[in-house]
Amino acid sequence: YKHTKTNETPLFLIAQDTLTFILPPGRHKIYVNTGLEGSFCGLIPLGESCRCISTTGLAYNLSKHHLMFGSQISSNNSFDGSDFVTVDTSDYILWTMSTL
C-alpha cells in the first residue's frame, strides 16, 4: 500500500486501549499529560519509507532517522515524562499510543 493522497479531515482510530492517527508532513505537538495515556507509543511509516523524522518527549527520541519496514520502525517507544511529544516528519506517518 502506498499512501498518496489524504483529505484535510483528521482520521482517528480509537480502540479499547489505543489511539491511532495519521500525521502529515510537518511539525506536530501531541499533548501526553492528560492522565489518559498508557505506557507505549509508536511511529509507523505509511506504506513507503519516512525519509526524515525527529522527535522530542520520547524515551528513545529519533533524530533525523529514516523509518522503513524491513529496516527500522519505531513501534515500541514510551514517553519521557514531558507534557508533550513533538514529531517533525518529512512524510506521512502513523502515530499510535496506548490509552487507559
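Located above this text is the structure these notes cover.
In this report, we go over the structure that sits alongside the text. Remember, predicted model here, so these are calculated numbers, not experimental data. Throughout, a residue's number is its position along its own chain's written sequence, starting from 1. Only residues with pLDDT of at least 70 get local features here, since the model is predicted, and only at 80 or more are side-chain atom pairs given and counted; chain-wide, interface and lining totals rely on the full set of residues. Side-chain metrics rest on all non-hydrogen atoms present in the structure, leaving aside hydrogens and water.

**Structural notes on the overall build of the protein**
We count a stretch as a helix when DSSP gives it H or I for four or more residues in a row; a strand needs E for two or more, and each element gets its number in order from the N terminus. Each helix and strand in the protein was counted, giving 0 helices and 9 strands. Reading the secondary structure of the protein in the N-to-C direction produces β-β-β-β-β-β-β-β-β. Values of the radius of gyration come from C-alpha atoms, whereas the globule rule sets the reference at 2.2 Å times the count of residues to the power 0.38. In terms of overall dimensions, the protein is globule-like: its C-alpha atoms have a radius of gyration of 13 Å, near the 13 Å expected for 100 residues. Across its three principal axes, the protein shows a C-alpha extent of roughly 35 × 30 × 25 Å. For the exposure calls, accessible area comes from a 1.4 Å probe over protein chains only, and a residue counts as buried if that area is under 20% of its type's maximum, exposed if over 50%, partly exposed in between. In the protein, which comprises 100 residues, the proportion classed as buried is 36%. For the protein, long-range pairs separated by at least 24 residues make up 72% of all intrachain contacts whose partners lie at least 6 apart in sequence. Under the convention used here, Asp and Glu are negative, Lys and Arg are positive, and both His and the chain ends fall outside the count. In plain terms, the charge of a residue is placed at NZ if it is Lys, CZ if Arg, CG if Asp and CD if Glu. Looking at the protein, you have 6 positive and 8 negative side-chain charges, and the mean spots of the two groups are 11 Å apart. Only heavy atoms enter the contact rule, under which two residues are in contact if any of them lie within 4.5 Å.

**Section: the sheet that holds strand S7 (residues 74-77)**
Two strands pair if DSSP finds at least two bridges between them. Spatially, S1-S2-S9-S4-S7 is the arrangement adopted by the 5 strands of the open sheet, whose pairing is antiparallel. Where the open sheet ends on each side, the last strands, each with one partner, are strand S1 (12-14) and S7. This sheet shows a mean twist of 15° between the axes of neighbouring strands, independent of strand direction. As defined by bridge partners, S1 adjoins strand S2 (residues 18-23) across 3 bridges and the pair is classed as antiparallel. For helices, the axis comes from a line fit to the C-alpha atoms of the stretch in contact; other axes are also lines fit to C-alpha atoms, and the angle between any two N-to-C directions lies between 0 and 180 degrees.

**Focus: the environment of aspartate 88**
Within the fold, aspartate 88 resides in strand S8 (residues 84-89). With 24 residues separating them in the primary sequence, aspartate 88 and lysine 64 have C-alpha atoms 8.9 Å apart. Ignoring sequence-local partners within four residues, the contact set of aspartate 88 consists of Gly26, Arg27, Cys52, Ile53 and Ser54.

**Considerations on the nonpolar core**
Ranked by internal contacts, the top residues of the largest apolar core, which has 17 residues, are Leu43, Ile53, Phe79 and Trp95. At the level of elements, S2, strand S4 (37-45), strand S5 (50-56), S8 and strand S9 (93-99) are the ones that each hand at least two residues to this core. Ranked by residues supplied to this core, first place goes to S9 with 3 residues. Those residues within four positions of tryptophan 95 in sequence are excluded, and the remaining contacts are Leu19, Thr20, Phe21, Leu23, Ile30, Cys41, Gly42, Leu43, Leu58, Phe79 and Val85. For this analysis, a nonpolar core means a set of buried residues of the types Ala, Val, Leu, Ile, Met, Phe, Trp, Tyr and Cys, connected via side-chain atoms within 4.5 Å.

**Section: the side chain of glutamate 37**
Mapped onto the secondary structure, glutamate 37 falls in strand S4. Salt bridge criterion: a side-chain nitrogen from Lys or Arg within 4 Å of a carboxyl oxygen from Asp or Glu. Although buried, glutamate 37 forms no salt bridge, and the nearest oppositely charged side chain, lysine 29, lies 14 Å from it. Identification of polar contacts relies on pairs of N or O atoms within 3.5 Å, with a donor-acceptor requirement for protein atoms, meaning one able to donate a hydrogen and the other able to accept it, and with residues adjacent in sequence counted only if both atoms are side-chain atoms. A polar contact is formed between the side chain of glutamate 37 and the side chain of threonine 34, at a distance of 2.5 Å. In this structure, glutamate 37 is in contact with Tyr31, Val32, Phe79, Met97, Ser98, Thr99 and Leu100, ignoring residues within four places of it in sequence.

**A short note on unusual backbone geometry**
Backbone geometry at lysine 64 places phi at a positive 55°, although glycine is not the residue there. Take lysine 64: it is sitting in the loop between S5 and strand S6 (65-67).

**Regarding the sheet that holds strand S3 (residues 26-31)**
The strand order across the open sheet built from 4 strands is S3-S8-S5-S6, with neighbouring strands paired in antiparallel fashion. Every interior strand has two partners, whereas the edge strands, S3 and S6, have only one. Neighbour-to-neighbour, the strand axes of this sheet turn through a mean angle of 30°, independent of strand direction. The pairing of S3 with S8 spans 6 bridges and is classified as antiparallel. In the sheet register, histidine 28 faces S8, and the bridge partner there is valine 87.

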